[in-house]
Amino acid sequence: MDYLNHLFFGIYPYIALAVFVLGSIVRYDRDQYTWKTGSSQMLESKQLRKGSLPFHVGIIMVLMGHFVGLLTPHIVWETLGVTDSFKQLVAMGMGGFFGLICLYGLLILVKRRLGNERVRSTSSRMDILILLLLLVQLILGLISIVVSMGHLDGVEMVKLMSWAQNMVLFNGVEASAAIADVHPIFKLHVALGMTLFLVFPFSRLVHVW
């Protein structure tokens, strides 16, 4: 079990991020014309407009929250007088609010992609896979908020911060050790997040660049 934990949370993230960076560079170098979303607006625009704005607003805010929350050193929060429990409550509140906004938009986009025959016929398997992966990841994130309500001391949040910051410092051993005993929902959320980085260069997600 220790080996698997280190494999998934101490080694796999580096593989995913390496593919994310190198794959994006190679795709831009070889296929610049695919460096876009390949919009299907001409096929259907009403549902696209309805779902796109809340999805993008929600996901941008969620990603920003993850970035700040996970990568800001713990000593900074202590210096500012922010306790672990208070930080967790803020993270749960903001994550839940923008997560639900994102979920609303994403459900519309998934329904449009799968339910509109014209849009579905022009969609690649990767287009559909990415939407479904994002949907599962978002649901896992919202479930993790419910799980967090069972322990408001911020302990597991600090462990996730330690994992992320050790990964940035290329200390995979300590990173995997930090996350070893957190709730399985958080582990699934992290692993799927890394998988999204892995498939990023091979999907329309490259339009983020």
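It should be noted that the structure appears before, not after, this text.
Everything quoted here is computed from the prediction, not taken from an experiment.

A. Summary view of the nonpolar core. Within the largest apolar cluster, 40 residues are counted, with the highest numbers of intra-cluster contacts made by Phe9, Phe55, Leu106, Leu134, Trp163, Ile179 and Val190. Here this core takes ten residues from helix α6 (residues 125–148), the largest share from any one element. Here Phe9 is in contact with Trp163, Met167, Ala175, Ser176, Ile179, Lys187, Val190 and Ala191, once residues within four sequence places are set aside.

B. Representation of the environment of Ser52 in the model. Checked against the element boundaries, Ser52 lands in helix α2 (residues 46–71). Looking at Ser52, the relative accessible area reads 22%, which means it is partly exposed. Taking the C-alpha atoms as reference points, Ser52 and Leu109, 57 residues apart in sequence, are found 7.2 Å from one another.

C. Examining helix α9 (residues 184–199) more closely. For α9, with 16 residues, the first-to-last C-alpha span of 23 Å sits near the 22 Å given by 1.5 Å per residue. Three or more residues of α9 are buried, namely Ile185, Phe186, Lys187, His189, Val190, Ala191, Leu192, Gly193, Met194, Leu196 and Val199. Where α9 is buried, its residues touch α1 (2–30), α2, α6, α7 (155–168) and α8 (172–179).

Rules used throughout
Residues numbered from 1 in each chain as written. Predicted model: local features only at pLDDT ≥ 70, side-chain atom pairs only at ≥ 80, totals over all residues. Heavy atoms only, no water. Core = buried A, V, L, I, M, F, W, Y, C linked by side-chain atoms within 4.5 Å. Buried < 20%, exposed > 50% of the residue type's maximum accessible area, 1.4 Å probe, protein only. Helix = DSSP H or I, 4+ residues; strand = E, 2+ residues; numbered from the N terminus. Contact = heavy atoms within 4.5 Å. Expected span 1.5 Å × (residues − 1).

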